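Architecture at a glance
Residue strings, one per chain:
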Amino acid sequence: MNPTVQYNKGGKQFKFAVTNAQDWQVTKFRNCPAYQNALKGKDGNQHCFLTEVSGLKVYIPQLEMARVLFYHDPFLARLSLQHNALVEDFYVELNGEMQAIHVLDGAEYPLHHFNRDDNRRFLSWVLMDPCARRSFESISANLLINKNRQGNYYHWDFHFSPPPLTGVELSIIGWDDFASKRFFVWEVTHIEGLASSVTGEQHHRCR
């Protein structure tokens, strides 16, 4: 907490380009030897994505992937868990090449967030790019279908469907298990080259 100097992050660091994240496999933490060896398998039921990079099997926790894509502020984190929330809070008007986002009455989105360019760009991406929007809304859809009640509480293992992310470069840090050639990601530190179908941006197809 409050370090006086900048410390280097632990773990192995490397970068790789995504071909299509929608082709990634889905598995559990417990199926990754690197996770078992490094962290002793305390959250083995959590979901992660599995992809291969130059012969190395890379396991990316789904919650960490959602964090770097969508969880830029507490409001959007809450919104992702509410069914149909984007429709209830925002209206996107398309008139030829003109695009406008209207914040509806009763929306909880803090107005001061609009003062920052990066917040406006991010919100535009989620609302107007069909791949990003479908991915964001898959969080609440999976929660609605897969939550289960245990006593007085509902439980759910976080799960969502990613956008394609074709051509995106991910910088990651994690544990490299040399014996099994498995890599468990602790953190996605940077995401570069994120494409969009918003007018004037690069675009790609999603499914």
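What you see is a predicted model, and the numbers here were worked out from it, not measured in a lab.

**Section: the overall build of the protein**
- For the protein, the helix and strand inventory stands at six helices and ten strands.
- Looking at the 207 residues of the protein, the share that counts as buried comes to 41%.
- Partitioning the intrachain contacts of the protein with sequence separation of at least 6 by distance along the chain shows that 60% fall at a separation of at least 24.
- Here the protein displays about 12500 Å² of accessible surface, and carbon together with sulfur accounts for 49% of that area.

**Focus: helix 6 (residues 130-146)**
- The end-to-end C-alpha separation of helix 6 is 24 Å, in line with the 24 Å expected for 17 residues at 1.5 Å each.
- Most pronounced at Ser138, the bend in helix 6 amounts to some 30 degrees.
- Taken together, the buried positions of helix 6 are Cys131, Ala132, Arg133, Ser135, Phe136, Ser138, Ile139, Ser140, Asn142 and Leu143.
- Buried positions along helix 6 lie against helix 3 (74-79), helix 4 (85-89), strand 5 (90-95) and helix 5 (117-128).
- At the N-terminal end of helix 6, a side-chain oxygen is found 3.0 Å from the backbone nitrogen of Cys131, two or three residues along, and the residue is Asp129.

**Some details on the confidence of the model for the protein**
- With 88% of its residues at a pLDDT of at least 70, the protein reaches an overall mean of 86.
- Taken together, the stretch residues 199-205 has pLDDT below 50 and engages in 13 contacts with residues farther than four places along the chain or on a different chain.

**Some thoughts on the nonpolar core**
- Judged by nonpolar contacts, the single largest core of 43 residues is most densely connected at Ile60, Met65, Phe70 and Leu170.
- Ranked by residues supplied to this core, first place goes to helix 5 with six residues.
- Discounting chain neighbours no more than four positions away, the residues touching Phe70 are Leu76, Phe122, Trp125, Val126, Ala132, Ser135, Phe136, Ile139 and Phe160.
- Counting residues in each nonpolar core, the second largest holds eight residues, with Phe29, Cys32, Tyr59 and Phe184 among its members.

Conventions we followed
- Residues numbered from 1 in each chain as written.
- Predicted model: local features only at pLDDT ≥ 70, side-chain atom pairs only at ≥ 80, totals over all residues.
- Heavy atoms only, no water.
- Helix = DSSP H or I, 4+ residues; strand = E, 2+ residues; numbered from the N terminus.
- Buried < 20%, exposed > 50% of the residue type's maximum accessible area, 1.4 Å probe, protein only.
- Contact = heavy atoms within 4.5 Å.
- Areas by Shrake-Rupley, 256 points an atom, 1.4 Å probe, with all protein chains shown as cover.
- Expected span 1.5 Å × (residues − 1).
- Bend = angle between axes of the 7 residues up to and from the residue.
- Polar contact = N/O pair within 3.5 Å; in protein donor to acceptor, adjacent residues only side chain to side chain.
- pLDDT = per-residue confidence, 0-100.
- Core = buried A, V, L, I, M, F, W, Y, C linked by side-chain atoms within 4.5 Å.

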